[in-house]
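Each chain is listed here by its residues.
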Amino acid sequence: MPSAPIDRAIRRRGLMLVLSSPSGAGKSTISRNLLESDTSFELSISVTTRARRGSEIDGRHYHFRTLREFESMRDNDELLEWAEVHGNFYATPRAPVERALSEGRDMLFDIDWQGAEQMRDKMRADIVSIFILPPTMRELKGRLRRRAEDTEAVIGARLANARAEIEHWRDYDYVVVNDDLDAAFAQVEAVIVAERLRRDRRPGLFDFVQGLLGEKLD
Ligand code: ADP
Ligand code: 5GP
């Protein structure tokens, strides 16, 4: 994302960007595009007890853990939020988020509405949330099938859960309908550009404006 160098030099707080959607609406695709095009974002890698899909790599897409390992992390307060989704546990490890926040870096979270709710409760000022909707339920089903990563039974359960997930669209700051991928991605980028310009996210503006006002003109 191009930005004027002088503008970039103004110190700002990190953005905690939460993307949620019913499974299959395209949030992983949008997340991937964002991580490729905007290198200031770091992906929060969740812990999960669900089985690894063929295309997934442990430590990159998820930290795949046993139920016992998950429970031990939860009981040791190593998780910022956790939820049961589609019969498995998912959670956000606390340490990388605290590091990113203290260093003013941006983080991207691909988490469900339960996780988004817990994150808002814990760090409201830092969270920007976007809900991704599919254009139609028929297309959602088609995308889950075309992804070809899950069995028909799993796809059926995800479709049934999709309705409950969509009910939470009102809790989000922004809603993007992912019909055409490029258009949806451009909308996500527009949200990020605007949110980075928010005054309360840019503590460096105080010094910048003081510098402006103190500038001697000949
Ligand atoms: P989610 O992370 O929300 O479960 P994915 O990003 O895995 O969803 O997308 C589900 C499937 O739909 C993938 O095969 C992806 O390539 C495809 N997809 C994503 N966005 C679009 C779109 N706008 N049009 C058509 N197919 C899409
Ligand atoms: P999937 O199994 O398709 O990768 O993810 C299923 C759902 O779990 C998605 O809605 C995804 O956003 C959500 N999810 C993934 N990681 C986390 C997490 O760390 N916390 C929460 N609450 N949900 C997560």
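Residues numbered from 1 in each chain as written. Chains lettered and ligands numbered in written order. Predicted model: local features only at pLDDT ≥ 70, side-chain atom pairs only at ≥ 80, totals over all residues. Heavy atoms only, no water.

Enquirer: Where do I start with the pattern of salt bridges in this structure?
Expert: Side-chain pairs of opposite charge can arise where the charged atoms are in close proximity. Summed over all chains, the structure comprises 18 salt bridges. Arginine 13 serves as the salt-bridge partner of aspartate 126, at 2.7 Å between the closest nitrogen and oxygen. Of the two residues, aspartate 126 is situated in the loop between helix H5 (113-123) and strand E8 (127-133) and arginine 13 in the loop between helix H1 (5-8) and strand E1 (16-20); the sequence distance between them amounts to 113 residues. Residue aspartate 126 is classed as buried on the basis of its relative accessible area of 7%. Exposure remark for arginine 13: the relative accessible area of 39% places this residue in the partly exposed category. Its salt-bridge partner being arginine 105, residue glutamate 42 comes within 2.4 Å of it at the nearest N-O pair. One end of the pair, glutamate 42, is in strand E2 (residues 41-43); the other, arginine 105, is in the loop between helix H4 (94-102) and strand E7 (106-110), and 63 residues separate them in sequence. Judged by its relative accessible area of 26%, glutamate 42 is partly exposed. Among the ionic contacts, a cluster of salt bridges with common partners joins Arg12, Asp38, Asp106 and Arg196. (Salt bridge = Lys/Arg side-chain N within 4 Å of Asp/Glu carboxyl O. Helix = DSSP H or I, 4+ residues; strand = E, 2+ residues; numbered from the N terminus. Buried < 20%, exposed > 50% of the residue type's maximum accessible area, 1.4 Å probe, protein only.)

Enquirer: Can you help me understand the site of ligand 1 in this one?
Expert: Not every one of the 16 residues close to ligand 1 is listed here, only the nearest: Gly24, Ser28, Thr29, Arg147 and Asn178. Here an oxygen atom of ligand 1 and a side-chain polar atom of serine 28 are 2.4 Å apart. A distance of 2.8 Å separates a nitrogen atom of ligand 1 from a polar side-chain atom of asparagine 178. Relative to its free-state accessible area of 570 Å², ligand 1 is covered by the protein chains to the extent of 78%. Of all the secondary structure elements, the ones that give two or more residues to the shell around ligand 1 are helix H2 (27-37) and helix H6 (137-147). Its residues assigned to classes, the shell around ligand 1 shows three nonpolar, seven polar and six charged. (Near = heavy atom within 4 Å. Polar contact = N/O pair within 3.5 Å; in protein donor to acceptor, adjacent residues only side chain to side chain. Areas by Shrake-Rupley, 256 points an atom, 1.4 Å probe, with all protein chains shown as cover. Nonpolar A, V, L, I, M, F, W, Y, C, P; charged D, E, K, R; others polar.)

Enquirer: What exactly am I supposed to notice about H5 here?
Expert: Given 3.6 residues per turn, any residue in an α-helix points the same way as the ones three and four places further on. Taken together, the buried positions of H5 are Gly115, Ala116, Met119, Arg120 and Met123. Down the axis of H5, the buried side of the element spans an arc of 135 degrees, and every buried residue falls inside it. Close packing links the buried residues of H5 with E1, strand E5 (79-85), H4, E7 and E8. (Arc of directions from axis to C-beta. Contact = heavy atoms within 4.5 Å.)

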